[in-house]
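In case you want the letters, here they are:
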Amino acid sequence: RFAAVVIASISIAGQIAASAKTVEYNWTLKPRRASAKDPSLSPDCNLNRLMLLVNDQLPGPSIEADVGDTVKVNINNESPTESIALHFH
């Protein structure tokens, strides 16, 4: 029984590896000031807030990938600083 579990696990891992792909995204990070023309950019109604948006979207774009895939995100940084940290949920 133990051998069957190990073989099944290896088989599944092999299937994941065989179907794995690289999913690539190109993002542009740039500042934008919330204005009365687009109040949805500032949910707390602070219309003078400078934000850094990805592809001019709030919330930012989704990443879609399957288990075993490699995700590559290319960032074009148009922000006023080079010191940027991104995190993903």
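These figures come from a predicted structure and were not determined experimentally.

Looking at the element boundaries, D69 is found in the loop between β2 (50-54) and β3 (70-77). Of the polar contacts made by the side chain of D69, one reaches the side chain of K21; its length is 3.0 Å. A distance of 2.8 Å separates a polar atom in the side chain of D69 from the backbone nitrogen of D66. Here D69 is in contact with S19, A20, K21 and V23, once residues within four sequence places are set aside.

Our focus in this paragraph is the nonpolar core. Within soluble globular proteins, side chains that are nonpolar generally end up buried alongside one another. Counting residues in each nonpolar core, the largest one holds five residues, listed as V23, Y25, W27, L29 and V54. Sorting elements by how many residues they give to this core places strand β1 (residues 22-33) first, with four residues.

This paragraph deals with the pattern of salt bridges. One pass over the full model with this rule turns up four salt bridges. The salt bridge partner of D69 is K21, with a shortest N-O separation of 3.0 Å. Here K21 lies in the loop between α1 (2-19) and β1 and D69 lies in the loop between β2 and β3, a separation of 48 residues in the sequence. We classify D69 as buried; its relative accessible area is 14%. K72 is paired through a salt bridge with E24; the nearest N and O atoms lie 4.0 Å apart. Taken together, the positions of K72 in strand β3 and E24 in strand β1 put the pair 48 residues apart, joining distant regions of the chain. According to the relative accessible area criterion, K72 is partly exposed, its value standing at 42%. Connected through shared salt-bridge partners, K21, D66 and D69 make up one network.

Residue position: L50 is located in strand β2. Taking relative accessible area as the criterion, L50 reaches 47% and is therefore assigned partly exposed. Along the sequence, L50 and R33 sit 17 residues apart, while their C-alpha atoms lie 4.4 Å from each other. With residues up to four places along the chain from it excluded, the contact list for L50 reads P31, R32 and R33.

Calculation criteria
- Residues numbered from 1 in each chain as written.
- Predicted model: local features only at pLDDT ≥ 70, side-chain atom pairs only at ≥ 80, totals over all residues.
- Heavy atoms only, no water.
- Helix = DSSP H or I, 4+ residues; strand = E, 2+ residues; numbered from the N terminus.
- Polar contact = N/O pair within 3.5 Å; in protein donor to acceptor, adjacent residues only side chain to side chain.
- Contact = heavy atoms within 4.5 Å.
- Core = buried A, V, L, I, M, F, W, Y, C linked by side-chain atoms within 4.5 Å.
- Buried < 20%, exposed > 50% of the residue type's maximum accessible area, 1.4 Å probe, protein only.
- Salt bridge = Lys/Arg side-chain N within 4 Å of Asp/Glu carboxyl O.

Geometric descriptors of this kind do not, in isolation, establish any biological role.
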